[in-house]
Amino acid sequence: MADIAFRRAMRADIPAIVAMLADDPLGATREDLSTPGAPAYQDAFSAIDADPNQFLAVMTLDGTVVGTLQLTFIAGLSRKGALRGQIEAVRVAAGNRGAGLGQHLFEWAIAECRARGCRTVQLTTDKSRADAHRFYDRLGFEASHIGYKLTL
């Protein structure tokens, strides 16, 4: 049986994470595989790692990074002061998709949110990601809101 583990990402994981982020039609236009060690990636990692409300996670399979996501813990007054868990940048390495690892990744992330006291777990997903929408539906997420973004 393969050994699946979850941990906080380390700086040495940046190339593997960027490779997973770039490995789809949307990510390929947003990421730069030629410079996974570029200052922008390094600076972003440092900011995430220093923020106690951020958790950049990797999932390993037999010691190899095969998945990633970022958890953000958002304090707010709405919902009687409820803490929210925001899941972003979810990826499973191409060669490992379809083996149930995404479900393991989400089960771990939801458990982390519960452990931190979150009362809601939320995520956004691009409209074009129909397979992801079906996956999130299967996990019990509801498409309850419409999201908007403004690129700056």
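What counts and what doesn't
Residues numbered from 1 in each chain as written. Predicted model: local features only at pLDDT ≥ 70, side-chain atom pairs only at ≥ 80, totals over all residues. Heavy atoms only, no water. Phe/Tyr/Trp six-rings, centres within 6.5 Å; stacked < 30°, edge-to-face > 60°. Helix = DSSP H or I, 4+ residues; strand = E, 2+ residues; numbered from the N terminus. Buried < 20%, exposed > 50% of the residue type's maximum accessible area, 1.4 Å probe, protein only. Lys NZ or Arg CZ within 6 Å of the ring centre and 35° of its normal. Arc of directions from axis to C-beta. Salt bridge = Lys/Arg side-chain N within 4 Å of Asp/Glu carboxyl O.

Focus on the packing of aromatic side chains
Okay, step 1: Enumeration over the complete set of coordinates arrives at seven aromatic pairs.
Okay, step 2: For the pair Phe 6 and Trp 108, a centre-to-centre distance of 5.3 Å together with 10° between the ring planes defines the contact as stacked. Taken together, the residues span a long stretch of sequence, with Phe 6 in strand 1 (residues 4–8) and Trp 108 in helix 5 (residues 101–115) at a distance of 102 residues.
Okay, step 3: Ring centres of Phe 106 and Phe 141 lie 5.8 Å apart, and the angle between their planes is 80°; on these two criteria the pair is classed as edge-to-face. Of this pair, Phe 106 sits in helix 5 while Phe 141 is found in the segment after helix 6 (130–138), placing the two residues 35 residues apart along the sequence. Like Phe 141, Phe 106 is buried.
Okay, step 4: Taken together through their ring pairs, the aromatic side chains of Phe 106, Phe 135, Tyr 136 and Phe 141 make up a single cluster.
Okay, step 5: Across from the ring centre of Phe 73, 3.9 Å away, lies the NZ or CZ of Arg 116, which sits over that ring.

Some points on helix 6
Okay, step 1: Listed in full, the buried residues belonging to helix 6 are Ala 132, Phe 135 and Tyr 136. All buried residues of helix 6 lie within an arc of 95° about the axis, which places them on one face of the element. Residues Asp 131 and Arg 138 are exposed on helix 6 and point more than 90 degrees away from its buried face.
Okay, step 2: Downstream of helix 6 by one or two residues, Gly 140 has phi in the positive range, about 100°.

Things to note about the pattern of salt bridges
Okay, step 1: Per the stated rule, a full pass over the model turns up five salt bridges.
Okay, step 2: Asp 131 is paired through a salt bridge with Arg 134; the nearest N and O atoms lie 2.1 Å apart. You can see Asp 131 and its partner Arg 134 sitting in helix 6, three residues apart, about one turn around the helix.
Okay, step 3: Here Arg 134 falls in the partly exposed class, since its relative accessible area comes to 46%.
Okay, step 4: Linked through salt bridges whose partners overlap, the residues forming this network are Asp 24, Arg 91 and Arg 129.

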